[in-house]
Amino acid sequence: MTAKKNIPFVVRRSAIQGLGAVATRDLKKGTKIIEYQGERITDDEAQERYNDESMKRHHTFLFDLDGEWCIDGNVNGNEARFINHSCA
């Protein structure tokens, strides 16, 4: 994958796991670089869709919005899903 014209990062193979986003230039703290896109689902739907007990390898692209809703970047998502983020 390559970066779109105004996106300041590229997606490439990660040494840690799968694909990852890597900045192509210095970014100021707090700079908005891309909107996380995907299917908006409830946390309950996410739990059903990605059941920790039944999954052999836990790998999801869920972005929590407010404890009730999240965005599943695996469904109609964009490059934002490859940006490493803290779950805290």
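A few points on the structure. Remember, it's a predicted structure, so these values are computed and weren't measured experimentally. (Residues numbered from 1 in each chain as written. Predicted model: local features only at pLDDT ≥ 70, side-chain atom pairs only at ≥ 80, totals over all residues. Heavy atoms only, no water.)

1. Some points on the pairing of strand β2 (residues 19-23)
Item 1. As judged from the 5 bridges shared by strand β1 (residues 9-13) and β2, these two strands associate in the antiparallel manner. The residue bridging Val-11 from the neighbouring strand is Ala-21, located in β2.
Item 2. Between β1 and β2, which pair antiparallel one after the other, the connecting turn spans 5 residues, and Gly-18 there sits at a positive phi close to 55°. (Pairing = 2+ DSSP bridges. Helix = DSSP H or I, 4+ residues; strand = E, 2+ residues; numbered from the N terminus.)

2. Remarks on the nonpolar core
Item 1. The biggest cluster of nonpolar side chains holds 8 residues, and these are Ile-7, Phe-9, Val-11, Tyr-36, Phe-61, Ile-71, Ala-80 and Phe-82.
Item 2. Each residue touching Ile-7, except ones within four places of it in the same chain, is listed here: Ile-34 and Glu-79. (Core = buried A, V, L, I, M, F, W, Y, C linked by side-chain atoms within 4.5 Å. Buried < 20%, exposed > 50% of the residue type's maximum accessible area, 1.4 Å probe, protein only. Contact = heavy atoms within 4.5 Å.)

3. Side note on the environment of Asp-26
Item 1. Within the fold, Asp-26 resides in the loop between β2 and β3 (39-42).
Item 2. Among the residues examined, Asp-26 registers a relative accessible area of 80% and is labelled exposed.
Item 3. Between the alpha carbons of Asp-26 and Pro-8 there is a distance of 8.7 Å; along the sequence they are 18 residues apart.

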